[in-house]
Amino acid sequence: MIRRVSLLLVGALMGATAMSVIYSAGVPAQAAGNSTYKELSIFGDVFERIRAQYVTPPDENKLVESAINGMLTSLDPHSVYMNAKDAADMQTQTRGEFGGIGIEVTMEEELVKVITPIDDTPGAKAGILAGDFISEINGESVRGLKLEEAVEKMRGAVNTPIKLTILREGADKPLDITVTREIIPIRAVKSRVEGDVGYLRVISFTEKTYDDLEAAIEKIKKEVPEDKLKGFVLDLRLNPGGLLDQAIYVSDAFLERGEVVSTRSRDPQDTRRFNATAGDLTDGKPVVVLINGGSASASEIVAGALQDLKRATVLGTRSFGKGSVQTIIPMGDKGALRLTTALYYTPSGNSIQGTGIEPDIKVEQPLPEELQGKVRTEGESSLPGHIKGQNENEEGSGSVAYVPPEAKDDVQLNYALDLLRGVKTDPAFPADPQKASLQ
């Protein structure tokens, strides 16, 4: 079974190559030298020539935006200018909520297929069912649209209606369902009990991640008695990153002390260090962290902190290797500049830029036959124009980013469960914080 991309109605999820560890800041700009402004006058002359003489009238705003992004592209893959719409979309992702109808969808045979409606959302209340196919949105066919485009059409302002044409197995004709959009919270953490082990999957690092994690841990502790609970699996696979502060909070949830991460910019005086506070939400239970090539940025901060401080055993394959920090700087007309301003370092003082987190226990996840030869390793080190890391070598970063849809086929997860239950043993498990050289 091919693992399809599924989306909550929040627009296309940004991949590991794009999601950033970010924090908002207003940074004063320093004036450039006279020679630089002379060069900029040439740009003005070129712009005027294009505007006045190009064979067809150009979109002036698009010209300027393209020029800005051309300049940023010369820096690194993660620095970018966002227009008002892109900036608003980014804020939606980091807030962890959006205006929509509350269904998880994929694309199949050129139609939007409903994977599941989210409980207590407009979609579920309107009677949309798992397995339904959406053929039209407000009377317009979805055939020929990309999944992201279809999702964008279903998003919208709260309290506005949307009409969906549904094809349902067993129905003798299409169903027209009108749904009113509401604020839909995005679950940043999914959890369940695997017998005597708590499973925590962090999907992304939004403003809601720590709160969701705390609630999930409490729920697991209520379901499994303390003397029966073997430990926790923290699944960071396919997690593209997000907010720096949430990565710190999530790390701190498992720690009693120690430096979580430091960020260092070109001015040594701007170095910032972030430390854990007392209070381990899991009461010191053993933890296994799962990573793969889809684990990037904020998820690498968490894996690196728990690994260096020997609070958890990291299992899986090498992570993506995005060790840069982007500052969001508000610009005019509600746009924003996402600019790489620092690199982050794990507690041991290592930058994982271009190298990634190497697991304590390497466990490959086999690809199904239909994906063999079709999935390649992606990592920060393979991105054109990336910032070369201090420890980067020819081996580079990243690994295959694949997780089976069924837990029974998940070799990495089942290996972690066997470790926690004592079925398998390894010198790296359990991790012992008392043996960490960094306190």
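Here the structure is a predicted model, which is why all the values come from computation and not from measurement.

Enquirer: Give a detailed account of the domain arrangement of the chain, specifying residues and quantitative values.
Expert: In terms of domains, the chain is made up of domain 1 (96-183) and domain 2 (187-433). Each of domain 1 and domain 2 was reduced to a C-alpha centroid, and the two centroids are 32 Å apart.

Enquirer: Can you tell me about the pairing of strand β5 (residues 103-108), naming the residues and giving the values?
Expert: With five of its six residues buried, β5 lies for the most part within the structure. What sits between β5 and strand β6 (residues 111-117) in their antiparallel hairpin is a turn of two residues, with Glu109 showing a positive phi close to 55°.

Enquirer: An account of the packing of helix α6 (residues 209-223) against helix α7 (residues 244-252) is needed here, citing residue identities and associated values.
Expert: With their axes 9 Å apart at the nearest point, α6 and α7 run at an angle of 20° to one another. With respect to α7, the axis of α6 lies roughly parallel. Where α6 crosses over α7, the handedness of that crossing is right-handed. Across from Thr209, Tyr210 and Leu213 in α6, the residues of α7 making contact are Gln246, Tyr249 and Val250. Of the residues belonging to the contact of α6 with α7, the class tally is four nonpolar, two polar and no charged.

Enquirer: Describe in detail helix α8 (residues 298-308), supporting the description with residues and values.
Expert: The element α8 is largely enclosed, with a buried count of 11 among its 11 residues. Among the residues making up α8, those that are buried are Ala298, Ser299, Glu300, Ile301, Val302, Ala303, Gly304, Ala305, Leu306, Gln307 and Asp308. In the stretch just after α8, Lys310 is the one whose phi turns positive, near 55°.

Enquirer: Account for the packing of α7 against α8, with residues named and values stated.
Expert: Across the interface, α7 lies against α8 with an axial gap of 9 Å and an inter-helix angle of 30°. Regarding the angle of α7 to α8, the classification is roughly parallel. Pair α7 / α8 crosses with right-handed handedness. The residues of α8 that touch α7, namely those facing Leu244, Ala247, Val250 and Ser251, are Ala298, Ile301, Val302, Ala305 and Leu306. Here the residues of the contact of α7 with α8 sort into eight nonpolar, one polar and no charged.

Enquirer: Help me get a handle on the sheet that holds strand β12 (residues 189-194), residues and values and all.
Expert: If you trace the six strands from one edge of the open sheet to the other, you get β12-β13-β14-β17-β18-β21, paired in mixed fashion. This sheet does not close on itself; its edge strands, each paired only once, are β12 and β21 (361-362). Summarising the sheet, strand β18 (residues 313-316) and β21 pair through two bridges and their orientation is parallel. Within the sheet, the bridge partner assigned to Gly316 lies in β21 and is Lys362.

Enquirer: So what's going on with the pattern of salt bridges? Which residues, and what values?
Expert: Considering all chains together, one arrives at 22 salt bridges under this definition. Salt-bridge contacts for Lys221 lead to Glu218; the nearest nitrogen and oxygen are separated by 3.6 Å. Here Glu218 and Lys221 lie together in helix α6, a separation of three residues that amounts to about one turn. Linking Arg237 and Asp235 is a salt bridge whose minimum nitrogen-to-oxygen distance equals 2.8 Å.

Enquirer: Before we move on, could you go through a nonpolar patch on the surface and cite the residues and values that matter?
Expert: On the surface, Tyr37, Leu40 and Phe43 cluster together into a nonpolar patch covering about 310 Å² of accessible area. Position of Tyr37 relative to the elements: it lies in helix α1 (residues 34-53). Since its relative accessible area comes to 44%, Tyr37 is described here as partly exposed.

Enquirer: Give me the lowdown on the side chain of Gln412, citing residues and values where you can.
Expert: Residue position: Gln412 is located in helix α9 (residues 411-421). When its relative accessible area of 1% is taken as the criterion, Gln412 is described as buried. Ignoring anything within four residues of it in the chain, the contact list for Gln412 reads Arg237, Leu290, Ile291, Leu315, Gly316, Thr317, Val363, Glu364 and Gln365.

Enquirer: How would you sum up the packing of aromatic side chains? Please name residues and give values.
Expert: Here the structure, examined in full by the defined rule, presents one aromatic pair. Between Tyr210 and Tyr249, the ring centres sit 6.2 Å apart and the planes meet at 70°, which makes this aromatic pair edge-to-face. With Tyr210 in helix α6 and Tyr249 in helix α7, this residue pair connects regions lying 39 residues apart in the sequence. We classify Tyr210 as partly exposed; its relative accessible area is 21%. The ring of Tyr345 carries Arg264 above its face, with NZ or CZ at 3.9 Å from the centroid.

Enquirer: Before we move on, could you go through the confidence of the model for the chain and cite the residues and values that matter?
Expert: Looking at the chain as a whole, the pLDDT averages 88, with 92% of positions reaching at least 70. In this model, residues 1-27 is a region of pLDDT below 50 whose contacts with residues beyond four sequence positions or in other chains number 110 contacts.

Enquirer: Let's hear about the environment of Val423: which residues, and what values?
Expert: Summarising the element assignment, Val423 is placed in the segment after α9. Residue class for Val423 comes out exposed when judged on its relative accessible area of 60%. With 347 residues separating them along the chain, Val423 and Asp76 place their C-alpha atoms 45 Å apart.

Enquirer: Could you give an account of the UniProt feature "domain: PDZ" (unreviewed entry) in the chain, naming the residues involved and the relevant values?
Expert: Mapped onto this numbering, the UniProt entry gives "domain: PDZ" (unreviewed entry) at residues 87-157. Taken end to end, residues 87-157 is 30% helix and 34% strand, and its two terminal C-alpha atoms sit 16 Å from one another.

Basis of the calculations
Residues numbered from 1 in each chain as written. Predicted model: local features only at pLDDT ≥ 70, side-chain atom pairs only at ≥ 80, totals over all residues. Heavy atoms only, no water. Domains from an automatic or database assignment. Buried < 20%, exposed > 50% of the residue type's maximum accessible area, 1.4 Å probe, protein only. Helix = DSSP H or I, 4+ residues; strand = E, 2+ residues; numbered from the N terminus. Pairing = 2+ DSSP bridges. Axes fitted to C-alpha atoms, helices over the stretch in contact; angles between N-to-C directions. Parallel < 35°, antiparallel > 145°, perpendicular 65-115°, else oblique. Left-handed = near helix turned anticlockwise from the far one by under 90°. Contact = heavy atoms within 4.5 Å. Nonpolar A, V, L, I, M, F, W, Y, C, P; charged D, E, K, R; others polar. Salt bridge = Lys/Arg side-chain N within 4 Å of Asp/Glu carboxyl O. Patch = residues over 30% accessible without salt bridge, like charges linked within 9 Å, V, L, I, M, F, W, Y side chains within 5 Å. Areas by Shrake-Rupley, 256 points an atom, 1.4 Å probe, with all protein chains shown as cover. Phe/Tyr/Trp six-rings, centres within 6.5 Å; stacked < 30°, edge-to-face > 60°. Lys NZ or Arg CZ within 6 Å of the ring centre and 35° of its normal. pLDDT = per-residue confidence, 0-100. UniProt positions renumbered as here; feature names shortened; annotations may be inferred.

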